[in-house]
Amino acid sequence: MKDIEKYSNDLTASLLEICTDTGLLKGTLLSSPDIDEAWLRYAPSFYGDAVRNFNAYPEFCLGCAGFLGMAVAFLWDRDWSRYMDAAYSYFQGERGFDDMDDHIADTILQDRRYSVPAMQSCAANAYHFLLREYPEPGTAEAYRMFLATAEVMFKIGAAIELCHLGYKFEKVSLT
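Residues numbered from 1 in each chain as written. Predicted model: local features only at pLDDT ≥ 70, side-chain atom pairs only at ≥ 80, totals over all residues. Heavy atoms only, no water.

Quick look at unusual backbone geometry now. Phi is positive for glutamine 110, which is not a glycine, with a value near 55°. Take glutamine 110: it is sitting in the loop between helix H4 (100-108) and helix H5 (112-132). Under the relative-accessibility criterion, glutamine 110 is labelled exposed at 62%. (Helix = DSSP H or I, 4+ residues; strand = E, 2+ residues; numbered from the N terminus. Buried < 20%, exposed > 50% of the residue type's maximum accessible area, 1.4 Å probe, protein only.)

Time to look at H5. The end-to-end C-alpha separation of H5 is 30 Å, in line with the 30 Å expected for 21 residues at 1.5 Å each. Within H5, the full set of buried residues consists of Tyr114, Ser115, Val116, Ala118, Met119, Cys122, Ala123, Ala124, Ala126, Tyr127, Phe129 and Leu130. Contacts made by the buried residues of H5 are with helix H1 (4-21), helix H3 (58-83), H4 and helix H6 (140-164). Capping the start of H5 is the job of one residue whose side-chain oxygen sits 3.0 Å from the backbone nitrogen of arginine 113: aspartate 111. (Expected span 1.5 Å × (residues − 1). Contact = heavy atoms within 4.5 Å. Polar contact = N/O pair within 3.5 Å; in protein donor to acceptor, adjacent residues only side chain to side chain.)

Along the chain, glutamine 92 falls in the loop between H3 and H4. Here the side chain of glutamine 92 touches aspartate 49 through a polar contact of 2.8 Å, side chain to side chain.

A few words on the pattern of salt bridges. What the rule picks out here adds up to seven salt bridges. Among the ionic pairs, aspartate 49 bridges to arginine 52, the shortest N-O distance being 2.7 Å. Taken together, the positions of aspartate 49 and arginine 52, both in helix H2 (residues 33-53) and three residues apart, correspond to about one turn of that helix. For aspartate 49, a relative accessible area of 12% gives the class buried. For arginine 52, a relative accessible area of 62% puts it in the exposed group. With a shortest N-O distance of 2.9 Å, aspartate 106 and arginine 112 are connected by a salt bridge. (Salt bridge = Lys/Arg side-chain N within 4 Å of Asp/Glu carboxyl O.)

Structure representation (structure tokens):
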């Protein structure tokens, strides 16, 4: 059985390096406790949708996790007090999960130029990383690894959006 925490950390490091090399991130996984907490609320509903679709559309499902992270980060920056209680369905399009990516890119972010290529690249890399781990399909281990991969994608998506919005870590003097 694989160590899921090590797997998540290794996947995060791999995607962080890829995103830094392509200019989507600046070497740091930007985050916020509010955004992380939002994942805990949305994850059960997201997992229900994604698990049903993963075998047929694995990269799409992982990309949707990243898009969800981007959307949450965007709304966190826009007016978190207004959006913090948004239902999971807010992030879905007219066809529900099936067009979640387009709905987020077009309606929430209103910018496909960076979001779509970023999520396509990240989802493909995350899926290939998962495949290299050789989880036996249909096993509890494969399921746990999928859940971990989706969570990492959410965090990477949020970090990419925060970076796109101009957030960065800066050293501050407390004296």
